[in-house]
Amino acid sequence: MSCENESIINVRDLTAGYGEVIILDKISFDVYKGEIFVILGGSGCGKSTLLKHLIGLYKIQSGEILIDGKNIAQAQGEELTAIFNRIGVMYQSGALFGSMTLLENIMLPLEEFTQLPREAREMIAAMKLKLVNLQGFEHFMPSEISGGMQKRAAIARAMALDPKIVFLDEPSAGLDPITSAELDQLILHLAQNLGITFVVVTHELDSIFTIADRVIFLDKKTKGIIAEGDPKELKEKSKIEFVREFFNRVGVNGGKPVQ
Amino acid sequence: MPQTKSEMQYEVLQTAEDKLKLSLSGRMDANSLGQLWTELIGLVKERNPQQLVIDAAGITYCDGAGVGFFLECMHWQQTKQGVCTVDNLRPEFQKLLDTFSSLGKTFHLEPRPVLDVKGIEFLGNSFLRITESLKDQIAFCGELAVHLLKAFKNPLKNLRWADIYLVIQRNGLEALPIVLLVNFLMGLIMAFQAAIPMRQFGADVYVADLVSLSILRVLGPLMTAIILAGRTGSAFAAELGTMKVNEEINALYTMGLNPVRFLVINRVLAVIILIPVLTLFADLAGLLGGAVVFKSFGYPMITYVKQVINAIRINDFLGGFVKSFVFGFLIAAVGCLRGIQTKTGASAVGQSATSAVVSGLVLIIVTEGTFAVIYYVLGI
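First things first, this report covers the structure right here in the doc. Computed from a prediction, not measured in an experiment: that's the story for all the values here.

**Here we look at the nonpolar core**
Of all hydrophobic cores here, the largest spans 88 residues; its most connected members are A:Phe198, A:Phe247, B:Leu24, B:Phe69 and B:Phe70. In contact with B:Phe70, not counting residues within four places along its chain, are B:Leu24, B:Met28, B:Ile54, B:Ala56, B:Cys62, B:Val86, B:Leu89 and B:Leu97.

Right, here's the structure in full:
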């Protein structure tokens, strides 16, 4: 699945936060081509902050983020657009445009960034919808389909321009276990068959063990990465108790009721 | 001869009457295909071969758009009972092609179904929609009345005064400059336009009567209401509409809090309190506008003041004043109603705001007309 050593995202000494508040302090990691990389951590540790910095929504305070060799923090104008065209993002809520049908949602980037004729755009958009198993819903509005379907449509939209990297913000949030498992299978299928690199923020343990090739574990106190590697190995062998507890779903007082 | 365009090249070989060979090389992505798609598909359709062979040995990169092109060629050949083969595609791209072709033979869509509504059906639907909306409005008015009465039973406990003050500040105090400006100019323009023809008859001193009567009876309250419909009605609709979209209104319901009592009553009350005050200022600004023109025509101010005092009775002023309460109630209520009726999505909020202003304006004009008749009958 993953081609080791060939990195596609490099983060070096990234410091990020909001104003005076620093949330991530000098963190560094690499994401390799074709792998499913999961960002983990307790609530408020900066998972979403990291994701939003990776996709260039927020300005970094120091350090650098290279997306496929290009520094997203310093890119502007057309260069930035070129980077955006190589990545796809699925937001937590789906963020489909409510005034457009699913097909139109996916056709929009194709319409703006390519010169493909209409029938070709329509066909490619329909292909992407079929890939996420939404055939027959092309002309539905986002409000007319379920939450799980909206997420799948959002993945299809993220893949409209065949990006090399797709970022997923909590793909299984608010979904039932079956839909969530289906989404995991879809992500695995896409990674294996289309060679897309996925960067995923999620809390779902089942998801993590199913899809993740590698995880990083962010920590609120140290504002850095406290663990990195294969989740199955971390579950058993991590030196840090909190990480083992997280993977083994141990709560306060060892998960037993407080007397 | 190889055709060169962007990063993708193609070569056509007509090996036999019914056999076409297409050699493709370079990058096959949405960008390079954007320029060549129509040309290549057109070529295949024009030559109409029984057997189409696509030699993809030279393809260095192929993504979803490239696969789309292959599938389009295959689909076309299939509809013509022809054959299409893609040869020498690199294994990684072949895997991509297999992934998509396993999903189905064609990705062509049925055209979007258009609702075919016949004339009479359309009429019926519209009638139903209008009656439905009327029903909603009546129910809303009833709910509003009930909650207003309840609120007045124990105003200190049942009303959220902090919210009311905030609404008064945002929609009253902050609207004062625009209300003053518009009404001042209204008085000024009206006096100026009237003075020119009246002067020819030596009646320009009566400009003061004209301005004062029309400002106090009609224009002061009306202009204030129109400004408030645009400023406050739309703001209420957008605010409550966003709350509806974010499910905040649903949250109120399920907490057992009535949204009308919680969100609408304070807004309606605040507007009823602030609009007469704004109207008072509007009247003064209008009279001042008239006075400026009057003065510029060489009359002393005392003449203007005496003319105005002679022309108007207390009923003229009170008539306008009473109207403004009704205007305020209607603007706030219709703004809140449209907000609460908002459907889902960002565009729905925009529609609610638009609809709040339009309904507000219509209600203002209808009320204005109704009051004119009532005042005429009552001799006010």
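Once you've had a look at it, read on.
**What about the sheet that holds strand 7 (residues 165-169) of chain A?**
All names here are of chain A. Across the sheet, 6 strands lie side by side as 6-7-8-3-9-10; this open sheet has mixed pairing. Both edges of this open sheet fall to strand 6 (87-90) and strand 10 (225-229), since each of them pairs with a single strand only. Sheet twist, expressed as the average angle between the axes of neighbouring strands with direction ignored, equals 15 degrees. Strands strand 6 and strand 7 of the sheet are contacted by helix 2 (residues 77-86), whose axis makes an angle of about 65 degrees with strand 6. Strands strand 6 and strand 7 of the sheet are contacted by helix 5 (residues 147-158), whose axis makes an angle of about 165 degrees with strand 6.

**A short note on the packing of helix 10 (residues 259-296) of chain B against helix 11 (residues 301-311) of chain B**
Residue and element names in this part refer to chain B. In contact at an axis separation of 9 Å, helix 10 and helix 11 are set at 135 degrees when each is read in the N-to-C sense. As judged from the angle between their axes, helix 10 and helix 11 are oblique. As helix 10 packs across helix 11, the resulting crossing turns out to be right-handed. Mapping the contact onto sequence places Leu 287, Gly 290, Ala 291, Phe 294 and Lys 295 in helix 10 and Met 301, Thr 303 and Tyr 304 in helix 11. In the contact of helix 10 with helix 11, the residues fall into 5 nonpolar, 2 polar and 1 charged.

**Some details on helix 7 (residues 176-200) of chain B**
All names here are of chain B. Taking 1.5 Å as the rise per residue, helix 7 with 25 residues should run 36 Å; its terminal C-alpha atoms sit 37 Å apart, in good agreement. Ala 194 marks where helix 7 bends most, by close to 25 degrees; the proline Pro 197 follows one to four residues later. Along helix 7, the residues classified as buried are Leu 176, Val 179, Asn 183, Gly 187, Met 190, Ala 191, Ala 194 and Ala 195. Each element contacted by the buried residues of helix 7 is listed here: helix 8 (207-245) and helix 10. Positive phi shows up at Gly 202, right after helix 7, with a value of about 70 degrees.

**So, the environment of A:Arg12**
Residue and element names in this part refer to chain A. Topologically, Arg 12 is positioned in strand 1 (residues 7-18). For Arg 12, a relative accessible area of 32% puts it in the partly exposed group. Put simply, Arg 12 and Lys 26 are 14 residues apart on the chain and 7.5 Å apart in space, counted from C-alpha to C-alpha. Not counting residues within four places of it along the chain, the set of residues in contact with Arg 12 comprises Ile 27, Ser 28, Phe 29, Asp 30, Gly 63 and Glu 64.

**Re the side chain of A:Lys47**
Residues and elements named next belong to chain A. Here Lys 47 is to be found in helix 1 (residues 47-54). In this structure, Lys 47 is buried with no salt-bridge partner, the nearest side chain bearing the opposite charge being Glu 170 at 5.3 Å. If sequence neighbours within four positions are ignored, Lys 47 has contacts with Ile 39, Leu 40, Gly 41, Gly 42, Val 201, His 203 and Leu 218.

**Comments concerning the pairing of strand 5 (residues 83-87) of chain B**
Residues and elements named next belong to chain B. Only one face of strand 5 is covered, namely the face carrying Cys 84 and Val 86; the face carrying Val 83, Thr 85 and Asp 87 is uncovered. Pairing geometry for strand 4 (residues 51-62) and strand 5, over 5 bridges, is parallel. Within strand 5, the position partnered with Leu 52 by the bridge is Cys 84. Read from strand 4 through helix 2 (residues 64-79) to strand 5, the crossover connection turns out right-handed.

What counts, and where the lines are drawn
Residues numbered from 1 in each chain as written. Chains lettered and ligands numbered in written order. Predicted model: local features only at pLDDT ≥ 70, side-chain atom pairs only at ≥ 80, totals over all residues. Heavy atoms only, no water. Core = buried A, V, L, I, M, F, W, Y, C linked by side-chain atoms within 4.5 Å. Buried < 20%, exposed > 50% of the residue type's maximum accessible area, 1.4 Å probe, protein only. Contact = heavy atoms within 4.5 Å. Pairing = 2+ DSSP bridges. Helix = DSSP H or I, 4+ residues; strand = E, 2+ residues; numbered from the N terminus. Axes fitted to C-alpha atoms, helices over the stretch in contact; angles between N-to-C directions. Parallel < 35°, antiparallel > 145°, perpendicular 65-115°, else oblique. Left-handed = near helix turned anticlockwise from the far one by under 90°. Nonpolar A, V, L, I, M, F, W, Y, C, P; charged D, E, K, R; others polar. Expected span 1.5 Å × (residues − 1). Bend = angle between axes of the 7 residues up to and from the residue. Lys, Arg positive; Asp, Glu negative; His and termini not counted. Salt bridge = Lys/Arg side-chain N within 4 Å of Asp/Glu carboxyl O. Right-handed = clockwise from strand over helix to strand, strands pointing away.

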